[in-house]
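# A structural walkthrough
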Amino acid sequence: MRRVRYEHSGGPEVLFLEEAPVPEPGPGELLVRVEAVGVTLPVVRKVREPREPIPLGGEVAGAVVALGDGVTGYAPGDRVTGLVFGHGYADHALLHTAMASPVPDGASAVDAVALVRSGLVAHGALDAARPEPGESALVTAAASGVGHLAVQLARLRGASRVVAAVSDSGKADFVRGLGADEVVTYDEETWGEPVDYVLDAVGGELLTPAVASLAPHGRLVAYSSGGGTVAAYDLLVGAKSVIGFQMALIARGRPQVYERWRRELWRLFAAGELRPAVHAEFALTDAAKAHEAIEARSNRGKVVLIP
């Protein structure tokens, strides 16, 4: 089979395609013939980190071709999606059943990788914010794979006003089409009238303006891999709070919640209320171009690889 990997840290140019044996599923694992791979910012960032190379994992969707020992509830031919921690940029991948979920009839593999994992993160971050109907929301990276779903989910959860924060004004029409009432760019001096909660996918230097955009008693949910710090005084003066959210903790420690959110995402998708957008589909041989799109912050919706 083909797979994409890298041998030393760097930009998209360090990625290369190689031939590798098809892996054998271990206990609790599914061998999946991959039909679509969702490219995520955390994986793109890891390639640049000065560390030993790691397998390029991420969201995959496809058909089960073999089962590991102890697997129940799945059979060859079943269509599944989920997060893989081994090699995911490949023709075949190993998906543990704890991270797997079925793809319903009528949905494509591309739909699955655009909706499920990104939607779970958006749903979880929104839940962590404890939104009340009528509150106002601000979403950073609002045109991203997660952000564009968070904008829609905030509206569905009763937000009276949704502000989309983006890297450039060229994304304004896209996020307005998803339901954003206002659009701000990161370089603006202020981000408009204060909001009750912020869903932040960027971190770093944007944490300061994001906290500043909160109304008194506002909440910021940080789910970015970008790091950053918040001055305690900035929280104290407005009785504001920062909440961390990590999807892996939910998947591993609260599988019933993970499953409930997943079912809700597919329900909203089937009803036409939640619309995952795909920015572009790249061939597996063009994985570097997919990473370039993410790094350039040019994407409007999900970036997908097609093996």
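Everything discussed here concerns the structure shown above.
Now for a description of the structure that goes with this document. The shown structure was predicted, so the numbers you read here are calculated from the model rather than taken from an experiment.

Cut-off values and rules
Residues numbered from 1 in each chain as written. Predicted model: local features only at pLDDT ≥ 70, side-chain atom pairs only at ≥ 80, totals over all residues. Heavy atoms only, no water. Buried < 20%, exposed > 50% of the residue type's maximum accessible area, 1.4 Å probe, protein only. Helix = DSSP H or I, 4+ residues; strand = E, 2+ residues; numbered from the N terminus. Arc of directions from axis to C-beta. Contact = heavy atoms within 4.5 Å. Salt bridge = Lys/Arg side-chain N within 4 Å of Asp/Glu carboxyl O. Pairing = 2+ DSSP bridges. Axes fitted to C-alpha atoms, helices over the stretch in contact; angles between N-to-C directions. Parallel < 35°, antiparallel > 145°, perpendicular 65-115°, else oblique. Left-handed = near helix turned anticlockwise from the far one by under 90°. Nonpolar A, V, L, I, M, F, W, Y, C, P; charged D, E, K, R; others polar.

Turning our attention to helix α9 (residues 287–295). Taken together, the buried positions of α9 are Ala287, Ala290, His291, Ala293 and Ile294. All buried residues of α9 lie within an arc of 155° about the axis, which places them on one face of the element. Taken together, the buried residues of α9 touch β1 (2–5), β3 (29–39), α1 (41–48), β14 (278–283) and β15 (302–306). The first or second residue beyond α9 is Arg297, which carries a positive phi of 55°.

The subject of this paragraph is the pattern of salt bridges. Applying the stated criterion across every chain, the model contains 14 salt bridges. A salt bridge links Glu49 to Arg51; the nearest nitrogen and oxygen atoms lie 3.2 Å apart. Glu49 sits in the partly exposed class, given a relative accessible area of 29%. Between Asp181 and Arg155 there is a salt bridge, with the nearest N and O atoms lying 2.3 Å from each other. Taken as a pair, Asp181 in the loop between α4 (172–177) and β10 (182–185) and Arg155 in helix α3 (residues 147–156) lie far apart in primary sequence, 26 residues in all. When salt bridges that share partners are traced, they join Arg3, Arg5, Glu7 and Glu18 into one network.

Let us now look at the pairing of β15. The buried fraction of β15 amounts to four of the five residues, a majority that puts the element mostly inside the structure. Bridge count between β3 and β15: three bridges; the pairing is antiparallel. Considered in β15, the bridge of Gly38 is made with Val304. Where β14 lies against β15, five bridges are found, and the strand directions are parallel. If you follow Ala283 over to β15, its bridge partner there is Ile306.

Following both chains from N to C, one finds helix α2 (residues 109–128) and α3 inclined at 50°, their axes separated by 9 Å at the closest point. By the angle class used here, α2 and α3 are oblique. Once α2 is placed against α3, the crossing between them reads as right-handed. Side by side, α2 and α3 meet where Ala114, Leu115, Ser118, Gly119, Ala122, His123 and Leu126 of the first sit next to Leu149, Ala150, Leu153 and Ala154 of the second. Residues belonging to the contact of α2 with α3 are distributed by class as follows: eight nonpolar, three polar and no charged.

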